[in-house]
Every structure is written in structure tokens, then in C-alpha cells.
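As a plain string of letters, each chain reads:
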Amino acid sequence: MPVYTIRGVDVDFPFDAYECQITYMDRVLESLQQGKNALLESPTGTGKTLCLLCASLAWRRTFGEFLRGGRGGNGGSQQPPYGSQPSGSQQLGESLSQQQSRYPVIIYASRTHSQLRQVIKELKATSYRPKMAVLGSREQMCIHDEVRTLRGRAQNNACHYLCKKRRCRHHNLVTEYLRNNTELGSEPFDIEDLVNIGRPNGPCPYYISRELSKSVDILFAPYNYLIESGNRRSLIGVPWDNAVLIFDEAHNLESICADAASFDLHPNNLTSCVAEAHECIKLCSAKRSFENSADKQFDPENYAILKALLMALEKKISELVIESKELGYTKAGSYIYEFLSELNITSETSKKLIETIDSASLLLEEGNSAETGPGVKAKATVSRLESIRDMLDIIFRGGGQNHAKYYRFHVNESQQTSGDALKVLGKSSRTLSWWCFNPGLAMEEFLKLGVRSIILTSGTLSPLESLAMELNLEFPVRLENPHVISPDQICVGVVPVGPSGHALNSSYRTRETIQYKQELGIAIVNFARIVPDGLLVFFPSYSMMDKCVEFWKNRNHANSTDENTIWQRICKHKQPVIEPRQSSNFPSAIEDYAAKLRDSSTSGAIFFAVCRGKVSEGLDFADRAGRAVIVTGMPFATPTDPKVRLKREYLDRQGTPSNKNTKMLTGEEWYVQQAARAVNQAVGRVIRHRHDYGAIIYCDERFAWPNYQSQISYWLRPHIKCYSKYGEVVQGLTRFFRDKASSDHVKLKQIDYSIIPLTKKCMPQETLSDLAASARNEHPEITLSVNPTTRRSNFMKLAQITPANRSTLSTKHNFTSTSQLFSSEGQLSQDTLVVDLTADTAIHGHLKEHTFKSLGLKKAKITDRSKGASGSDDVSSKLPPNVESRALARHQGEQSAPQSKKSTTEQACQKNEAVREKSVGQESNSGPAFLKMAREKLSSTEYGEFVEFMKALKLKTMHIKDSLEAIAKLFSSPERRPLLEGFRVFVPKNHLPLYEQLVRRHTVSNT
């Protein structure tokens, strides 16, 4: 295994690293060694998770061996056994404390549990074996038959109650289990592993993870365990002043931080809280009479006071004077204290209220368990009163009011349904909101705790400066990494105009016009024809997507001779799938897309989706599942939305002249950057690994503007090409996929479009239907796999590839050849960590393109080593029939089709020939003769381009001038002069003067 010495630290890496990976690890170590915060952007497919783990754990090991299970380490020998530490063993407690203070702790956070599972899989691929723990909620980990069916604080209260009474057999076994299994945590594990330990009659996984977290080298946790103060306080034993925080997938971190510090009190929720308080009064009275008890905790008067306060709050909200329904009722954040003080809710009284609400939640849960007596049962298993408790926690955090300056008090009168009106007794439906506009509040808490450094990383953090300003933190260490792919694997184009030459602009001024929808629709028809396999189309909003699809289903372009609608023409090339608004329908949509990709009767599938939607994040459309992404516009938030409007006003006030010495983010800058970040996230669905390729098409003229392009991800900017004419886009895209199809060695018989979560890549034949239930509870990390051999961890994918920073690999560290990568059962060989691709070996019998490059051969040439041939030939001619992709077959079918079956272009030429005037000396069979000459004088790639231009000329999907100019340019070299002259017969009569002008121009330029 290679060892890299970076900044004096020896980093064990599972394979030879790319140059960008070395740079990434260098920045990680700089941040850790110097105690500085870092913003690190590295595109998907560059192995950033593996780099993070290896660099941070190598740095941790410089302080001493891992606490337990480290390679040859005895650092864990000082650690007391679990269960022997509390109250009775002060000396052992001091030993643990000393150990923790000496060794820093790495806290690795990601947004979801499924993302953490993938990170832990990456850890298993390394040589590092730190003492670890992974945190999860009771919802994920509880195995108690009754408690696991509950949710929220009701579940927490039930768990606390049973543990306090020692009536949970799983909790009672935790101490003994940990005492007998001191090595637990020395090998990587995830939540499922802990749950399997506990089932059916074993120790509680939740409390095992809590105990393990008190002494670890690395702790894995979801965001909310760090951002929400209540969860953070529950992490007993974490040495915050000696901790490093890593936030992976941090592109949404600022919005997550702001939302965690805000609340919306909806009228239905408040009405339900009043009902629950009333229910508590009944339950409490029944409990007292049944148990004959005078316990103050269950005094009905407390709940009567709570009910009265909630009703008064409801009344006070309804009495506010709202002059404009659009603007609502807005005050400074500090107004919340004045508003509540009139109800006698202050910092002091809120503590008593919170205690009462906690007791109410417990009482409601006991009522559900029928422990209050026969015939008395609560009506709900989840207490709505929890929202009032959370609201009070946010308002009176820390007992002060300093944080109120970052907030706005807002009451909005919302549209109500008849059901809502009944619930609120005919009163107006109003929502009370207290919105935080400074996401840096959560980050400030970490500064107060004294953490060593904070690292934020993602594939789409750009623009970094605005993110740093939003979080109100200094980030001295920054990185925007390039991709590991080569320039010929990506095609990025800005399309400012449609096929008819009209501007493509999805702003509110033009997006409702018939002209815009027609131009966009016909453009997508053309792209659907050119792009092979999977195509993703992202709209700014669900509303815009629905309107366009409805229009396309009923209309065609005004200038088109095709009788079919735009939608029918799209479906002719690709079968459509539309992203549903409801999450419950999303798994079936993904299954539908995968099934349509497998259908060989068409050239693939097209997925219509929305920026910031479910498709735009967390899904892996690798290889043929996603060959191109079309972005139809900038997904700006609704400017009249109260939260958006107040956020912009807040930022503009922050940037007043009194703060002119400090660079502040303006409201407009924030507004644009939020949309740009959503676009960057959407386009990241395509290029997913080193050998993937695809196109990104921005169908909006605004993407050509410098201030918009500066917001695009750094790694994409060098590849962006702005086209002035639509025909140039078609030509460039056709050439790109033609070139890639000729080198795309994929065996169609081996293609498997089964859809699996990223966390289950090693499970064969996993379908989404088996995971639909879990997908409804947590957004799944899903990959569309196109080959069984690709269903492995990212590490194993990267282990098969040539580093981008070198053309050959040395054979040190006992590297083996690619042929030894697979065992007889088709699984990855465990002792094969790095592959020498300079060897004369093949994967599945076909040499990879990057191997040709490492041998110094031209891309279009290969050496047929399997037959011992010494010559070379064109790649396309060497492809066996079962290896040709549909794209190659479609573009090159004219060469291999039977003579009796004419191509579309031939038929078009012959049809045109019959109705046009013949040139002098032109024979009656000029169509076939011209095509024969074109095949002889053009390369296969150029002939394919000619075919596409002829289709565009016939169907009028390109402007006639653009089509003719492209064809004339193709025929412009001296040896192709007969083609240039002979093509006149196919030019429409009314456009002959234009073509003659083009002929003269190209004739002069080549003489």
C-alpha cells in the first residue's frame, strides 16, 4: 500500500493517488496541524471521502496509537472496562480523562445516516482501524417491541421511563456486554451491525453507541447531533476543546443551521396543542383518582394553566392587525419577547412551562400504554406539545436575548381549507414565525466550545466566499479542486438561442410565452435524439416543469411540418419519466426510469426533474444512466416569498456603510448564489467516476453572463463553451458522443440497470422496490448501476483506474495486474489494492481507453493483442457486435445496414431529388451516388455528422442557414470539392442563392 509523506505526516492510501487527491490531503493536514478552519471543494468521483479519512486518521496517529485496536498500539490498555467506571473508580476515571485530553477526537458528520454508512464502508477499505462509534436516533436503533413503534419525544420519554424502572431488558444488558467485549469499536461497524448485535434478546444498540462515544478516536454522527444544542449537550464525554469537526456534503449546511434555529408555529399545530393540554387534564384527574395520589408532577392545575396560555397565544396571534396579506406582519426579532411577556411568558416562567410540557408528554405516553387505568387512553402517540417546547428553547436559548438581532418576527395569513377552518373555529389561519437569518449562530457555539478546527467539504461548495460570509467564520484554508477526468470526457455548453434563433431565457418575463416553450421543447427533442441512453432535464420549479410538459403534449412548433406534438417527438427518441412532487411516489419513479433504460426498443430514457428536488441530490446517475444533463434555467426562489424577501432585506442592512470595512454579502448576491448552488448540485449527477463521461447543457442565455459563470463549480469553468448559434451546439454535441461511442467498450449483455442504494453496492440484484419503505423515512442514496462489476465501494472503483497525474504506474508495493483484480467468483480480490494498467492485460477481454493512452497510442487505434496482430485498426471496426452501444449502432448503422433498407437520410435525399431541378449532367440516381461518394470521402465520424445535419434540414429542427453552413464547412477541404458542388441538388430551391454564397466563400478560403 502506498505511503505518502505530506507535511511530515505518513499517510497510508489504498492506491496510487491522483495529484488532486494529494493536494486535497495536503489542505486537510494544513487545517488540522495549524488548527484552522477549511472549505474544501472536490468534485464527485475524486475520492474526497477516502482522502478525508486517511489524512485525518494519519494526523490523529501522530499523537499516539489508536485507543483500541490500532495496529500494534497499546494506547487502549489504559482504558477501563465499561461498567466499572461510574462513582466507584476514580483512578480509572482519571486515566480515561488523561487519555482523552492527550488524544484529539475526530467527529465526522454527514447529512443522513445512509451517507454515514457509505463513509464507514470507505473506512473499511483503508488500513486504519481507529476506535470508533456511530451515533443514531432511537428511531434507527431501538429494538424494544413497543418503544420502537413510537416517534419523536414520545419515543424518548417511553425509553427513559422503562430504563428508569429497569423494565427494558435490552438496556439492562448493556453494561455487562461492554465489559465482556472491550474490543467493540476497533473494527468499523455501522448502525445495522449494532442492531444485529441486539436482536432479538441482546443489549440495546442505542445505549451501546452512547457508551462507546465516550472514548473514541473518530465519532460518526448526523448533522443534527452537532448543530442542535439539545443533542450536542447529550454527547457526554466528548472533549470539545480537543475535537476536530468534519462536515461532509456541506453544500446545504447554512440552510440547515438557519432552519435548526428557526420555528414556524402553524395554526393547526397550536390547536392540537390546546387539545393535548386538555387531554392531560383528563388523564391527570383519572390518574389521581385511580392511584389516590397527590403527586405534584401530575397536578391538573398545571395543565389547565398550560391550556389557558396556549389559548391566549392563539387569540393574540389572531388579533394582530395585518394590513397587507402579501407582506404579512413583520417586526424585529426582539419583538418576540414583548409579544410573549404580555402572556407572562418570560425567561424564568418558560422553565416551568418546559417542565410542564415534559410531564405532559410523559403523561400522554403513559395514557397510550393504558397505565393510567382501564378505559383511559390518549388520542395520539406523538405529542404536538413538543413543538411549543422547541419554540421556547429557541427563543430563550442561553437565558439571554442577544441572538434576537439575527431574527425577524413574522405572522403570515395563510390560505385555509375547510378542514382547517373547523379546527381553528372559524378564525383566520395564521402562522407565527421566528426566522433566523444568521446561520453562523450554530458555528459560534463551536467556537465557544473551543474546537480545534472545522472542515467543510462537498462537491459543490462554490462560491466559497459567500458560504464563509454566511457562516460568519474565518476559513483560512480553502480549495477548489479540479476533476480527475480528462477534457475529452466532458462537454459543457451554454445554449443562448433555440433552433429558430429565438432567445432561451426562463425569467418570469419570457417563461410563460408560447415562443419560449416551443423553442425549449424543440431543443430538447434534438438533444434527446443526439444523447445516448439516459438524459436528465432539470427545471427551476415543479410549476415550470408542469406547464412546459402540458404545453408540449398539446402543441408543436409553429414552423414544423411534423404532425406530432413536441411531447410525441421527445417520446419517439426517449421514454419519459417525470419527478413526482410526493416523496411516497419517488421510489416507483426511479424504478420506472431504470426499466425504461433497459428497454432496447428506444435509445434510452429522459428524466424530467427539478433543481432542489429529489433527483438533484443523493442520486448517482453513473455511466449510461445519465449521459447528459440539461438545465433549463436558474432556480431562483420566489422573490415575494416572505422568508426570501426578509432574508434579502436583512443582508442588505448588514452591509450598511457602518460596516464598510468588512466585506458583507448583499441580498442580491445571496439570492443569485443560492440558485447557482442548486444548479451545481443538479449537474453533479452525471460525471460520477474517473471513466465516466457526459455532457452538461445550460439552456438559458443568462449562463453566458460573466457574473453567472463565476458561480459555476470551479472544475467545470475551463470546459464551458458559449455557442452563438444553435447549430453549433448540435454539431459539437454530435461529435462528442460520436467520439465517445467509438471508444465505449460496454457489453450490452452484461448491462444491469438495477437500482441500489450507495450503501448497498455489494448486494447483487438489489431493486428499489425492496427499499421503498425505508426511502419514505429517509432520503435514499441511490445509484443507477449499469454493470455488476461497478457495484462496489468508491474505493474499489478507484482501485481500477489510472491516476490522472501520471501516464504509467510503477510496480512497487507488489502491485498486481488488472487480470488479478477479480477472483474466480467475480468478487474483488482482497489483496489487490493497486492495479498496474501498463501491463498487457484486459478487462473483460477489451483494452480500456486509458490503457491506450498509457501506451502512447492514439485513441482511435488499438493493438489487437488477443490475435497476436502487429497492426492496428479503427476502434469501431474492432468492436464485436455485442459490444457496440446503441449510440454507435444508431450513428453508424448506415454502414452495416442491408442494402434493401434505406437510411432515413437516403430516403430524404431521393425524395428531394424527385421534386427539384436537376443540375446539368446530374444522373437520375444522384441521391445514392452522392451518398456513396460521401462515405468514401468522409470519415465515419464526419459522415455521422452529415447524417444529423440532413435530418435537421428535413425536419427543420435547425435554422436552414445553420444547417447549410455546417454542411458546407464539412465539405470545404479541396479533396471534398465534388461534395460541395454536388450537394446543390439537395438544397431547397429558395435557398440556393444562400448555398451558392457559402460555396464561393469556402472555395475562396481554400484556394
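The model shown is predicted, which means the values in this text are computed figures rather than measured ones.

Calculation notes
Residues numbered from 1 in each chain as written. Predicted model: local features only at pLDDT ≥ 70, side-chain atom pairs only at ≥ 80, totals over all residues. Heavy atoms only, no water. Helix = DSSP H or I, 4+ residues; strand = E, 2+ residues; numbered from the N terminus. Buried < 20%, exposed > 50% of the residue type's maximum accessible area, 1.4 Å probe, protein only. Contact = heavy atoms within 4.5 Å. Areas by Shrake-Rupley, 256 points an atom, 1.4 Å probe, with all protein chains shown as cover. Axes fitted to C-alpha atoms, helices over the stretch in contact; angles between N-to-C directions. Parallel < 35°, antiparallel > 145°, perpendicular 65-115°, else oblique. Left-handed = near helix turned anticlockwise from the far one by under 90°. Salt bridge = Lys/Arg side-chain N within 4 Å of Asp/Glu carboxyl O. pLDDT = per-residue confidence, 0-100. Pairing = 2+ DSSP bridges. Core = buried A, V, L, I, M, F, W, Y, C linked by side-chain atoms within 4.5 Å. Polar contact = N/O pair within 3.5 Å; in protein donor to acceptor, adjacent residues only side chain to side chain.

J.: Which parts of the structure should I look at to understand the overall build of the chain?
T.: The helix and strand tally for the chain stands at 40 helices and 27 strands. Counting across all 1007 residues of the chain, residues that qualify as buried make up 57%. Put simply, 77% of the contacts in the chain that link residues at least 6 apart link residues at least 24 apart. Total accessible area computed for the chain in this model is approximately 42,100 Å², and 49% of it derives from carbon and sulfur atoms.

J.: Teacher, can you tell me more about the packing of helix H22 (residues 514-530) against helix H29 (residues 726-742) here?
T.: Helix-helix packing: each pair is described by the crossing angle between the helix axes and the interaxial distance. It is the contact of H22 with H29, at a shortest axis distance of 10 Å, that shows an interaxial angle of 20°. As summarised for this structure, H22 and H29 are arranged roughly parallel, according to the angle between their axes. The chirality of how H22 crosses H29 is right-handed. Mapping the contact onto sequence places Ile 522, Ala 523, Asn 526, Phe 527 and Ile 530 in H22 and Tyr 726, Val 729, Val 730, Leu 733, Thr 734 and Phe 737 in H29.

J.: For this particular structure, what's the right way to read the pattern of salt bridges?
T.: Side chains that differ in sign of charge can pair as their charged atoms come close. One pass over the structure, following the stated rule, counts 40 salt bridges. A salt bridge links Lys 596 to Asp 592; the shortest N-O distance between them is 3.3 Å. Highlighted residues: Lys 596 and Asp 592, both in helix H25 (residues 586-598), separated by four residues, approximately one helical turn. Several salt bridges share partner residues, and in doing so they unite Arg 7, Asp 26, Arg 27 and Glu 30 into one network.

J.: Where do I start with the confidence of the model for the chain in this structure?
T.: Averaged over every residue, the pLDDT of the chain is 75; the share at 70 or more is 72%. Segment residues 370-380: pLDDT under 50, and 25 contacts once partners within four positions in sequence are set aside and those in other chains are kept. Of the regions scoring below 50 in pLDDT, residues 417-426 engages in eight contacts with residues more than four places distant in sequence or in other chains.

J.: Would you take a moment to explain the sheet that holds strand S10 (residues 407-413) for this structure?
T.: Strands pair in a sheet through their backbones, by hydrogen bonds, and they do so in one of two ways: parallel or antiparallel. The sheet built from four strands is open, its strands ordered S8-S11-S10-S9 with antiparallel pairing. Whereas interior strands pair on both sides, the edge strands pair on one side only; in this sheet they are strand S8 (263-265) and strand S9 (329-332). Here the strands of the sheet are splayed against their neighbours by 15° on average, with no regard to which way each runs. The pairing of S8 with strand S11 (residues 430-436) spans three bridges and is classified as antiparallel. Paired with Leu 265 across the bridge in S11 is Leu 432. Together, S9, S10 and S11 form the strand contacts of helix H26 (residues 642-654), whose direction differs from that of S10 by roughly 155°.

J.: Would you mind going over unusual backbone geometry with me for this structure?
T.: Trans peptide bonds make up most of the peptide bonds, and negative phi angles are found at most residues other than glycine. A cis geometry characterises the amide bond from Arg 199 onward to Pro 200, with omega recorded as -10°. In this structure, Pro 200 sits in the loop between helix H9 (191-198) and helix H10 (205-212). Of the consecutive residues Ser 462 and Pro 463, the connecting peptide bond is found in the cis state with omega at -5°. Looking at the element boundaries, Pro 463 is found in the loop between strand S12 (453-458) and helix H21 (464-471). A positive phi angle is found at Arg 7, which is not glycine, with a value near 55°. Tracing the backbone through its elements, the reader meets Arg 7 in the loop between strand S1 (3-6) and strand S2 (9-12). Judged by its relative accessible area of 37%, Arg 7 falls in the partly exposed class. For Asp 623, which is not glycine, the phi torsion reads 55° and is therefore positive. Mapping Asp 623 onto the fold places it in the loop between strand S18 (619-620) and strand S19 (628-631).

J.: Quick question: what am I supposed to make of the packing of H22 against helix H24 (residues 566-573) here?
T.: Two elements in contact, H22 and H24, have axes whose closest approach is 8 Å; the angle formed by their N-to-C orientations is 15°. When the interaxial angle is binned, H22 and H24 end up roughly parallel. Classified by chirality, the crossing of H24 by H22 is left-handed. Here Gln 518, Gly 521, Ile 522, Ile 524, Val 525, Ala 528 and Arg 529 of H22 come into contact with H24, specifically with Ile 566, Arg 569, Ile 570 and His 573.

J.: Which parts of the structure should I look at to understand the pairing of S19?
T.: Along any regular strand, the residues point their side chains to alternate faces of the sheet. In S19, alternate side chains face the same way, and those of Ala 628 and Ile 630 on one face and Val 629 and Val 631 on the other are all buried. Of the strand pairs in this sheet, S19 and strand S20 (residues 694-698) are connected by four bridges, and their pairing is parallel. Opposite Ala 628, over in S20, you have Ala 695 as the bridge partner.

J.: Please clarify how the nonpolar core should be interpreted in this entry.
T.: Across soluble globular proteins, nonpolar side chains have a tendency to be buried as a group. Among the nonpolar cores identified, the biggest contains 99 residues, and Val 11, Phe 13, Phe 220, Phe 247, Leu 253 and Leu 456 are the most heavily contacted of them. Take this core: its biggest share by element is nine residues, from helix H2 (residues 48-61). Once residues within four sequence positions are removed from consideration, Leu 253 is found in contact with Tyr 223, Ile 227, Phe 247, Met 443, Leu 456 and Leu 471. Of all hydrophobic cores here, the second largest spans 59 residues; its members include Ile 317, Ala 404, Tyr 406 and Tyr 650.

J.: How do you make sense of the environment of Leu 449 when you look at a structure like this?
T.: Tracing the sequence through the fold places Leu 449 in helix H20 (residues 440-449). Take Leu 449: its relative accessible area is 32%, and that puts it in the partly exposed class. Not counting the four nearest positions on each side in its chain, Leu 449 is found in contact with Arg 232, Trp 240 and Asp 241.

J.: What am I meant to see in the side chain of Asn 481 here?
T.: By the secondary structure assignment, Asn 481 is in the loop between strand S13 (477-480) and strand S14 (490-494). A distance of 3.4 Å separates polar atoms of two side chains, one belonging to Asn 481 and the other to Ser 42. Every residue in contact with Asn 481, bar those within four places of it in the chain, is listed here: Cys 20, Thr 23, Tyr 24, Glu 41, Ser 42, Pro 43, Tyr 714 and Trp 715.

J.: How do you make sense of the side chain of Ser 433 when you look at a structure like this?
T.: By the element assignment, Ser 433 lies in strand S11. At 2.5 Å, the side chain of Ser 433 and the side chain of Asp 264 are in polar contact. Filtering out sequence-adjacent residues up to four positions away, Ser 433 remains in contact with Phe 263, Asp 264, Arg 408, Phe 409 and His 410.

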